[in-house]
Structure formats: C-alpha cells, structure tokens
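# What the coordinates show
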Amino acid sequence: MKNQRREFLKKAGGSLALASVGTGIASSASAKSILLQSDIRSQANDKIRIGLIGAGIIGHYDTDAALTIDGIELVAACDLYTGRLDYAKEKWGKDLFTTRDYREILARPDIDAVLICTPDHWHQRIAIDAMKAGKHVYCEKPMVQRIEDGQAIIDAQKATGKVLQVGSQRASSVAVLEAKKVLQSGVIGDLTFVSAYCDRTTAMGAWNYSIPTDASPETVDFDTFLGYAPKIPFDATRFFRWRNYSDYGTGAAGDLIVHLLTTVHTLTDSKGPNKIFSAGDLKYWKDGRDAYDVINALMTYPKTEQHDSFQVTTRVNLCDGEGKGEFGLKLVGTDGVITIGWNDYTVQTLKRDPAPGFGGYDSFTSFSAEEKKDFKKWYVDKYGTEKGGGFTKNEPVKFEAPQGYDDRVDHMITFFNGVRTGSPILEDAEFGLRAAAPSLACNLSIAQEKPILWDPISMKLI
C-alpha cells in the first residue's frame, strides 16, 4: 500500500497522473477532467430468456437495460395491474406472455432468469420460489423488507446453486469501481469517515407516483398485492404509492440508504457496520404515509482485515428546500477527499507543511517576551524555518463517465455473465443482506430510539 501510494504521489503532478491508478480510462477530456471507460464486458452471448415480475417503474428500467445485451430475450411479464400488462404487450410485442400470477412464469421451462421488481415485501418469497423453480434471480434492492428474512434467501441460493444478484447498480458503476482504485492507492491517506447523502425536493422524488384513472378492484389484484401485510379494503394510493407505507416498503432507508451503503461496501470491501444510530421525522409529505421523509444516521465500521475503522454518516431528505437533488458520497481521508456523484467522482489531495508553525491562535502568544525569543531560536534550530503550520491543496481532478453511460446496463452484464459463465457476483445474497440490514436498522433505531447493534459477519442483530 505504501509503495503504491508513493508511486501515485510521485506521478501526481498533473491530472493524467491520477489516471494511472486505474485502468478504466478512455482519454483526458481536459487538464482537469478525465473520461472513464467501463471494463465490464459480456463474456458470452448465449441466449437467455427472462421473465419480468413487476412491470412498474423499475421493472421497465431493468428490462430495457437487460434487452440492450446480446442474447437476452423477454418472453413473459407479470403484474397485478391489468393496464401494465396491456402496455407490456404494446411495448414488447403482442405475443408476450402476460399474467397476474408470478408462479405461471416460474412454471415455464423456457425461462432461465427472472427480474423481481415488485414491492419490497414480496422480494423474499418470489426470490426463493424462483430459485427453487430453477431460475436465476435479479432481485431489486433492498433484498428483503425484514432483516430476519435475509438468511432464507442466502440458504436458498446456496442450496440451489442459482445466481442471485441484488439490483443496486452502484456495485457495477464505473465511477465507483475506479474511485475504489484511488482509495486503495492510499492517495487520500487513511479513510476517516464517509458522508453519504441523497436529497430530493419534488413530489415524484418523494414517491407520489401517478395513479391511473381506471384503478379499481377489477383492474388491480389488491388482495394478492397485500401479501403478508394487514388485510384492508382496496386502496389505489397504497398500491401505486406503496413506498410510502411500512406495510409494503422500507421507506427512505430501504430505497435510498441501501444504495449508499452498497457503494460504501463496494469501495471498502467492508462487511458492514456494527452499530447504527438513526433519527427520522415526517416533516413535509404529510399525506397519509408513515415513511419518514428525513433520516439521518451514524454508523460505526470496526477495524477488519480489509480496512481500518471508520464512520459513515448517511442522510436522506425528501423535502430538501435547497432544490439541488444531490446524491453522492464524500470519502474523507487524512490527506484528501474523493467526492462521488452518480457517474463521476473528483479527487482532491493536500500536502501539510512539515513544520508545525507557531503564533496566531496558539499558546505561543501567551509566552513572555524572553520565552518567545528562546522558543523562536529552538524552532529555527529544529525546523530550519519560521514558516509552517499550514497546508497546500492540490488542484482537484474530475473523472466522469461518457455521456449516455448507464451503470444499470453494466450491472445487468455482470448478472448475465454470472448466469452464462459462472463468473463472480459481488452483490450476491450475502452482500445484499449486509447492505439491506444496516439500512433497515435505521428504521429500527428511529422506532426504538436507541442504537441498533449488528454483527456484520454472522449477519445477525445483537
């Protein structure tokens, strides 16, 4: 590590020197900006036939990304709202098989893998059923709605040997993977803490999605949607805006903090925190929901063989009055900082003066005149100069993905490579639980008004 850092710093006279840390560099856009290039490639193009379970917003994003990859064919779609099934045929072809019952998709021998894009409270059951039916699984994040449900998915994956990848695409993002190389080089020194944040301002960003005018008990299978949630009469708002309700979703913790922790764990190779303390509130979107629109959390990551100890602060604000809509992480080290956006990152380092300096806001000012004289002589004898006590910031260098880059496509390629060739899946069931559990523990901490203790190795609440 020290040799790698020394070489890095020796070359760091210009922005191109930073590029030498990683391999995913296409070219230098300018002296201050370097273009990234993903190293993720399809390893084969064998035909894989997929079924979509949950044809809502994220179902379309995931399916569209999957279909950009050679050899991927969509043959079936499942949803509980008839209008989405009608649109699936309009979009992907009239011969597409559609159903309200996901078990009909799992029963088809011509389907190799499924994309699970349902409300959170259905993830575990469908994932396990799919693997037992011989299907590979791409399951949207968070992998589970309840922490205690995670081990069953891990067990099913091991028992069936099927590929399971959780759908937080940050684990395959070129910006994250290249920033990881910078972090590992040691150029920002020892990691002290990570500040991770996601802010939104609009109603759409706060999950107030459109509700179709034809929503009714005839067009929506509401009883099936409820699953293990409490039985209630038909409610179109709960069906189409399910993220707002703890009966079906996981709120900002499961929707957004899990993205942030997925990024942290990918960058650091960490298994996760051992203590989570969170505060939350419902400040603005008081529309009947019970999901917090503001969450702040502090997590402690213990020292392991992979990394030294560090802290993570997370923030989600769905009623941000600044209107910036920021998403990102700051990795603050002893010698610099890496600031990561969605598909870009910036590195800035500093160099401290070797001499500590004296004067100003310093005890030196309280010394007697004679002692000041003696101290200055001692200081010059020791450091050879009266200057020091400051630092110099190096010019920041920005790395960014090319226009049109989609990390979701890279994540899909990673999944299908695993299906085709057995190549490793970083965000498997264990990774998925280790990202989901601390995220969901934020909700527990708010409810219980105390820190939540978590064993990231055995993956159990303490």
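Heads up: the structure comes first, above all this text.
Analysis parameters
Residues numbered from 1 in each chain as written. Predicted model: local features only at pLDDT ≥ 70, side-chain atom pairs only at ≥ 80, totals over all residues. Heavy atoms only, no water. Helix = DSSP H or I, 4+ residues; strand = E, 2+ residues; numbered from the N terminus. Expected span 1.5 Å × (residues − 1). Buried < 20%, exposed > 50% of the residue type's maximum accessible area, 1.4 Å probe, protein only. Polar contact = N/O pair within 3.5 Å; in protein donor to acceptor, adjacent residues only side chain to side chain. Axes fitted to C-alpha atoms, helices over the stretch in contact; angles between N-to-C directions. Parallel < 35°, antiparallel > 145°, perpendicular 65-115°, else oblique. Left-handed = near helix turned anticlockwise from the far one by under 90°. Contact = heavy atoms within 4.5 Å. Nonpolar A, V, L, I, M, F, W, Y, C, P; charged D, E, K, R; others polar. Salt bridge = Lys/Arg side-chain N within 4 Å of Asp/Glu carboxyl O. Core = buried A, V, L, I, M, F, W, Y, C linked by side-chain atoms within 4.5 Å. Phe/Tyr/Trp six-rings, centres within 6.5 Å; stacked < 30°, edge-to-face > 60°. Lys NZ or Arg CZ within 6 Å of the ring centre and 35° of its normal.

Among the structural elements, Asp235 can be located in the loop between helix H9 (222–226) and helix H10 (236–240). Distance from Asp235 to Phe222, taken between C-alpha atoms, is 7.9 Å for residues 13 residues apart in sequence.

All right, on to helix H8 (residues 174–185) then. Helix length check: H8, at twelve residues, gives a terminal C-alpha distance of 17 Å against a target of 16 Å (1.5 Å per residue), a fit within 8%. Here H8 lies mainly inside the structure; nine of its twelve residues are buried. Among the residues of H8, Val174, Ala175, Val176, Glu178, Ala179, Lys180, Val182, Leu183 and Ser185 are the ones counted as buried. The backbone nitrogen of Ala175 has a side-chain oxygen 3.2 Å away, supplied by the residue at the start of H8, namely Ser173. One or two steps after H8, the chain reaches Gly186, where phi turns positive at roughly 85°.

Two packed helices can be described by the angle between their axes and the distance between those axes. Remark: helix H3 (residues 57–66) packs on helix H4 (residues 82–92), axes separated minimally by 13 Å, with the N-to-C direction vectors making an angle of 25°. Relative to H4, the element H3 is oriented roughly parallel. H4 is crossed by H3, and the crossing has right-handed handedness. Contacts between H3 and H4 pair His60, Thr63 and Asp64 from the former with Tyr87, Lys91 and Trp92 from the latter.

Now for the packing of helix H6 (residues 123–132) against helix H7 (residues 150–160). At their nearest, the axes of H6 and H7 sit 9 Å apart, and the two run at 10° to each other. Relative to H7, H6 is oriented roughly parallel. Every residue of H7 that contacts H6 at Gln124, Ala127, Ile128, Met131 and Lys132 is listed here: Ala152, Ile153, Ala156, Gln157 and Thr160. For the contact of H6 with H7, the per-class residue count stands at six nonpolar, three polar and one charged.

Turning next to the pattern of salt bridges. Evaluated as defined, the whole model comprises 25 salt bridges. Between Asp79 and Arg84 there is a salt bridge; the shortest N-O distance is 3.6 Å. Look at Asp79 and you get buried, because its relative accessible area is 6%. Asp255 is the salt-bridge partner of Lys141, the closest N and O atoms lying 2.5 Å from each other. One end of the pair, Lys141, is in the loop between strand S7 (136–140) and H7; the other, Asp255, is in helix H11 (residues 251–268), with 114 residues separating them in the sequence. Taking the relative accessible area as the measure of exposure, Lys141 reaches 6% and is therefore buried. Salt bridges linked by common partners bring Lys47, Arg49, Glu73, Arg108 and Asp110 together as one network.

This part covers the nonpolar core. It is characteristic of soluble globular proteins that their nonpolar side chains tend to be buried jointly. Counting residues in each nonpolar core, the largest one holds 83 residues, and the members touching the most others are Leu331, Ile338 and Tyr345. Sort the elements by how many residues they give to this core and H11 lands first, with eight residues. Residues in contact with Tyr345, not counting those within four places in the same chain, are Leu36, Ala175, Glu178, Ala179, Val182, Ile338, Thr339, Ile340, Val397, Lys398 and Phe399. In this structure, Ile69, Ile72, Leu115 and Phe416 belong to the second largest nonpolar core, which totals 25 residues.

What follows is about the packing of aromatic side chains. Each aromatic ring pair is characterised by the separation of its centres together with the angle its planes make. Considering all chains together, one arrives at 24 aromatic pairs under this definition. Relative to Phe239, the ring of Phe225 has its centre 5.1 Å away and its plane inclined at 65°; by these criteria the two rings are edge-to-face. Of this pair, Phe225 sits in helix H9 while Phe239 sits in helix H10, and the two are 14 residues apart along the sequence. No difference in accessibility class separates Phe225 from Phe239, as the two residues are buried. With centroids separated by 5.5 Å and ring planes inclined at 75°, the aromatic side chains of Phe358 and Phe375 adopt a geometry described as edge-to-face. You can see Phe358 sitting in the loop between strand S15 (344–352) and helix H12 (369–383) and its partner Phe375 sitting in helix H12, a full 17 residues away along the chain. Of the residues examined, Phe375 reaches a relative accessible area of 19% and is grouped as buried. Directly above the ring of Phe97 sits Arg108, whose terminal nitrogen or CZ lies 4.8 Å from the centroid. One cation-aromatic arrangement involves Arg170 over Trp342; the distance from NZ or CZ to the ring centre is 4.1 Å.

This part covers the side chain of Gln145. Of note, Gln145 is situated in the loop between S7 and H7. A distance of 2.5 Å separates a polar atom in the side chain of Gln145 from a polar atom in the side chain of Tyr228. A polar side-chain atom of Gln145 sits 3.3 Å from the main-chain carbonyl oxygen of Asp247. When sequence neighbours within four positions are dropped, the list of residues in contact with Gln145 reads Asp120, His121, Tyr228, Ser246, Asp247, Tyr248, Gly249, Thr250 and Leu440.

The values reported here are purely geometric and, on their own, carry no functional implication.
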